[in-house]
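What follows is each chain in one-letter form.
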Amino acid sequence: MSKQIGLLRVMVTVAASVAFVVTWSSGFIIPAFATVDVSPLTLLVWRFVPLAVVLVAVVLLTGAGRGVSGRDLRTQASIGVFAQFGYCVAVYGAVAAGIATGTVALIDAVQPLVVAVLVGPVLGLRVRGAQWVGLGVGAIGVLLVVRSQFGSSAAPPVAYLLPAVAMACLIVGTLLQRRSTVETGVLLTLTVHVTVTAVLLLVIAGVAGVLAPPSSASFWLAVVLTAVFPTLAAYGLYWWLLRRVGITALQARLFLIAPATSLAGGLLLGEPLTVVTVVGFLLCGAGVAVVLVGEAGRGDDDRKSRPEGVHPRSRPEHRTVETW
């Protein structure tokens with residue numbers, strides 16, 4: 001029975017990881033179509049505001065926020081400013097500026113190496129030698145996958161800072177979440193992050209004069225797609241996997257996003273896709289495999305990465321929300 005439970009757990013984790021890569025990649029592809037004639041701020045506002053209303057209603061109806069302190073909500077709000085607001089604004093700005101989706105994903109994919117360097121001094125974790133090798137192999141694969149895309153756009157050089165800003169924001173948000181003693185559950189975490197992002201976007205778009213949405217059906221289709229896939233699905237899976245597999249294994253999975261985005265960009269947007277890309281795919285997969293094998297030998301780093309004496313809350317409502 002224990003073997004069957006273990007196998008089921010592995011299958012669930014693998015399925016969640018595949019879904020995470022696909023949905024997160026969609027966050028690069030959809031804006032490339034949707035922001036051709038529309039300000040990226042306009043799309044972002046209408047991606048987040050209706051979703052925030054729906055999520056707040058769900059939290060109130062289910063009681064998912066019951067017993068959560070104002071301090072916990074403020075902590076999650078600060079994480080959301082970096083992990084969702086800062087990240088999404090920078091990515092949309094980069095794509096709208098004309099940078100190839102694979103290039104945006106490439107710069108974003110440097111994140112695992114940065115996190116691997118920081119998990120020691122910031123979280124007190126040790127990255128094994130084999131994991132360093134896997135991260136390095138994955139980085140080489142990412143470079144190969146999108147090498148042909150550099151210089152293929154008319155975006156100004158300063159625009160290439162935007163993907164770096166996005167990467168930095170997600171890193172800060174991830175590290176803050178891992179260092180935090182707050183255990184709010186995935187549903188409430190998403191609700192707080194989406195709501196604070198929606199409020200900030202409303203203010204900025206209103207000041208910029210780009211709040212009014214177009215009436216085209218394609219715009220509203222993009223709104224629905226970005227709300228469901230890169231927001232609800234991708235971010236929900238990100239925080240869920242962070243708790244389930246640990247920070248190093250999750251960062252390794254991020255290496256697969258750049259190849260997936262490049263493949264989709266080649267098929268849907270006509271971006272460069274060569275034999276070198278295939279080699280890069282293989283290297284990315286090999287790198288992820290090495291990191292995951294090393295992570296399996298490490299054990300559960302969720303307990304190790306928390307401050308001493310801090311344990312997940314055991315209130316029934318939080319256990320219920322966590323299974324969502």
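Residues numbered from 1 in each chain as written. Predicted model: local features only at pLDDT ≥ 70, side-chain atom pairs only at ≥ 80, totals over all residues. Heavy atoms only, no water.

K.L.:
Whenever I open this one, the packing of aromatic side chains confuses me. Can you help?
P.N.:
Geometrically, a pair of aromatic rings is defined through the distance of the ring centres and the angle of the planes. Taken as a whole, this structure holds eight aromatic pairs when the rule is applied. Ring geometry for Phe20 against Trp24: centres 5.4 Å apart, planes inclined by 55°, an arrangement best described as tilted. With a gap of four residues between them, Phe20 and Trp24 both fall in helix α1 (residues 2-34), about one helical turn apart. Ring geometry for Trp24 against Tyr87: centres 5.5 Å apart, planes inclined by 55°, an arrangement best described as tilted. Within this pair, whereas Trp24 is found in helix α1, its partner Tyr87 is found in helix α3 (residues 70-96), the two being separated by 63 residues in sequence. Take Trp24: its relative accessible area is 4%, and that puts it in the buried class. Judged by its relative accessible area of 5%, Tyr87 is buried. Through pairs of rings, three or more aromatic residues link up here, namely Phe20, Trp24, Tyr87, Tyr235, Tyr238 and Trp239. (Phe/Tyr/Trp six-rings, centres within 6.5 Å; stacked < 30°, edge-to-face > 60°. Helix = DSSP H or I, 4+ residues; strand = E, 2+ residues; numbered from the N terminus. Buried < 20%, exposed > 50% of the residue type's maximum accessible area, 1.4 Å probe, protein only.)

K.L.:
What should I look at first to understand the side chain of Thr191 in this one?
P.N.:
For Thr191, the location among the structural elements is in helix α8 (residues 186-208). Exposure remark for Thr191: the relative accessible area of 5% places this residue in the buried category. In this structure the side chain of Thr191 is engaged in a polar contact, spanning 2.8 Å, whose partner is the backbone oxygen of Leu187. Leaving out residues up to four positions away in the same chain, Thr191 has contacts with Leu55, Val56 and Val59. (Polar contact = N/O pair within 3.5 Å; in protein donor to acceptor, adjacent residues only side chain to side chain. Contact = heavy atoms within 4.5 Å.)

K.L.:
Teacher, can you tell me more about helix α2 (residues 40-62) here?
P.N.:
Along an α-helix, a turn takes 3.6 residues, which lines up residues three or four apart on a common side. Compared with an ideal rise of 1.5 Å per residue, which puts 23 residues at 33 Å, α2 spans 33 Å between its outermost C-alpha atoms and is within 8% of the ideal. Along α2, the residues that are buried comprise Leu41, Thr42, Leu43, Leu44, Val45, Arg47, Phe48, Val49, Leu51, Ala52, Leu55 and Val59. Structurally, α2 contributes buried residues whose contacts are with α1, α3, α8 and α9 (217-245). With its phi angle positive at about 75°, Gly63 sits one or two positions after the end of α2. (Expected span 1.5 Å × (residues − 1).)

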